[in-house]
Amino acid sequence: MDPILYVKTDIRKAYNDESFFGKIRDRFKIREIRESVIKDLNLSIAHIKIPPNLNLQAYRNNMETVKRFMKKRNPCLAPKTYRYYDYKLLNDFQKKLFAYGIVESIKLILRIKNKSIKSSCILVYDGADDINREVIFQLSKECKYFILLSHNVSKISELRDYVVANYGISPIVTSDYNYALSKADFIISSRELQAENLVWYIDNSFMPKENSSLAINDISFSVPWDSEELEFGFELLGAILNQMQERDIDTALKYNGIYLDKIKFNDEVKQF
């Protein structure tokens, strides 16, 4: 298998610096922490740490520097830094695995609370954000009732029409913020949002000030491989499974004996 560049940062210490000297400082902060080997897969994983600079150009520069760590070995990228930027670098399998993990974690939490995703209302905010697109498609396979909230009603109306045609379910489309929140049993949010509901935050840089006990922003999976205590988020696991040429998420997970393991907010494992 091709080696993987597993890129991480401490998002809690995020800053924004586009200066010339900031670029130099960032370069000296990029380093390889260690290399892991999964012998079962004949796979090497380089653990790279980059500074949490959320300036877009700085991020691009830092990721280009990272790619040079294995420039002669055709590496796969597994970025786990600022999710909005990382998302554009993910392959299709990683994106679909992310959406799958979000919906499966919601199903599990609702089950613990003696509810079902089929009888609950899931709110997606902002429904027009591209980062939510695969999540909406995954929800369409599981839900009978969900809401797309956005002021870009034209875009989410087109998305609703696509969902109706391809999945046979018609999500509610609205720009009424208060109505949507009042109906929701669970919220998937790509925006900064303070709410009393359970919220799955797509934006992993956002730290809610209230009801943080109800906040989720990450997942990890249990794998059967001898993995040197690696934690398998969707970014790393997706980079591995994508090389196995299996396009269906359910089939790939079942065939390899992989299942959802932890539901988290950053490094905190959540208990429900």
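So, here is what we can say about the structure in this document. All values derive from a computational prediction rather than experimental measurement. (Residues numbered from 1 in each chain as written. Predicted model: local features only at pLDDT ≥ 70, side-chain atom pairs only at ≥ 80, totals over all residues. Heavy atoms only, no water.)

1. A word on the packing of helix α4 (residues 92-112) against helix α5 (residues 133-142)
Then, in step 1: Contact geometry for α4 and α5: axes closest at 8 Å, N-to-C directions at 45°. The orientation of α4 with respect to α5, classified from their angle, is oblique. Crossing hand, α4 versus α5: right-handed. From α4, K95, K96, A99, Y100, I102, V103, E104 and K107 reach across to α5, where they touch E134, V135, Q138, L139 and E142.
Then, in step 2: Here the residues of the contact of α4 with α5 sort into six nonpolar, one polar and six charged. (Axes fitted to C-alpha atoms, helices over the stretch in contact; angles between N-to-C directions. Helix = DSSP H or I, 4+ residues; strand = E, 2+ residues; numbered from the N terminus. Parallel < 35°, antiparallel > 145°, perpendicular 65-115°, else oblique. Left-handed = near helix turned anticlockwise from the far one by under 90°. Contact = heavy atoms within 4.5 Å. Nonpolar A, V, L, I, M, F, W, Y, C, P; charged D, E, K, R; others polar.)

2. Side note on the pattern of salt bridges
Then, in step 1: Taken as a whole and judged by the stated rule, the model has 18 salt bridges.
Then, in step 2: In this structure, E142 engages K107 in a salt bridge whose closest nitrogen and oxygen atoms are separated by 3.3 Å. Of this pair, E142 sits in helix α5 while K107 sits in helix α4, placing them 35 residues apart in sequence. By the burial criterion, E142 is buried, and K107 matches it.
Then, in step 3: For the salt bridge of E231 with K264, the shortest nitrogen-to-oxygen distance reads 2.6 Å. Of this pair, E231 sits in the loop between β11 (218-222) and α8 (234-241) while K264 sits in strand β12 (residues 259-265), and the two are 33 residues apart along the sequence.
Then, in step 4: Residue E231 is classed as partly exposed on the basis of its relative accessible area of 30%.
Then, in step 5: Exposure remark for K264: the relative accessible area of 3% places this residue in the buried category.
Then, in step 6: Bridged by salt links that share partners, the residues K80, R83, D218, E231, E235, K262 and K264 form one connected network. (Salt bridge = Lys/Arg side-chain N within 4 Å of Asp/Glu carboxyl O. Buried < 20%, exposed > 50% of the residue type's maximum accessible area, 1.4 Å probe, protein only.)

3. Topic: the pairing of strand β4 (residues 76-80)
Then, in step 1: Among the five residues that make up β4, five are buried, leaving the element largely enclosed by the rest of the structure.
Then, in step 2: Residues of β4 alternate between two faces, with C76, A78 and K80 on one and L77 and P79 on the opposite face, all of them buried.
Then, in step 3: Sheet analysis places strand β1 (residues 4-8) next to β4, joined by five bridges and oriented parallel. Within the sheet, the bridge partner assigned to L5 lies in β4 and is L77. (Pairing = 2+ DSSP bridges.)

4. Some words on the side chain of D86
Then, in step 1: Mapped onto the fold, D86 is located in helix α3 (residues 83-86).
Then, in step 2: One buried charged side chain, D86, makes no salt bridge at all; its nearest oppositely charged neighbour is R83, positioned 6.6 Å away.
Then, in step 3: Separated by 2.6 Å, the side chains of D86 and Y59 make a polar contact.
Then, in step 4: Residues within four places of D86 in sequence aside, it is in contact with Y59, P79, K80 and T81. (Lys, Arg positive; Asp, Glu negative; His and termini not counted. Polar contact = N/O pair within 3.5 Å; in protein donor to acceptor, adjacent residues only side chain to side chain.)

5. Looking at the packing of α5 against helix α6 (residues 153-167)
Then, in step 1: As a packed pair, α5 and α6 sit with axes 11 Å apart at the nearest point and diverge in direction by 40°. In terms of their interaxial angle, α5 and α6 are classed as oblique. In this structure, α5 meets α6 at a crossing whose hand is right-handed. Facing R133, I136, F137, S140 and K141 of α5, the residues of α6 in contact are L159, Y162, V163 and Y167.
Then, in step 2: In terms of residue class, the contact of α5 with α6 is built from six nonpolar, one polar and two charged.

6. Focus: the layout of surface pockets
Then, in step 1: Computed from the structure, the largest pocket encloses a volume of approximately 560 Å³.
Then, in step 2: Lining the largest pocket are 24 residues, and of these Y6, K8, T9, K80 and D267 lie nearest its centre.
Then, in step 3: Of all the secondary-structure elements, those providing two or more residues to the lining of the largest pocket are β1, β2 (31-38) and β3 (43-49).
Then, in step 4: Element by element, the count of residues in the lining of the largest pocket is highest for β3, at three residues.
Then, in step 5: A class-by-class count of the residues in the lining of the largest pocket yields five nonpolar, six polar and 13 charged. (1 Å grid on protein atoms, 1.4 Å probe; cavity = no way out; pocket = protein on both sides within 12 Å on 5 of 7 lines; lining within 4 Å. Points joined across faces, edges and corners; volume = space filled by probe spheres on them.)

7. A closer look at the side chain of R83
Then, in step 1: Among the secondary structure elements, R83 is positioned in helix α3.
Then, in step 2: Dropping the residues within four chain positions of it, R83 is found in contact with F98, I131, W200, Y201, I202, N204, N217, D218 and F234.

Without other data, these values stay purely geometric and don't point to any function.
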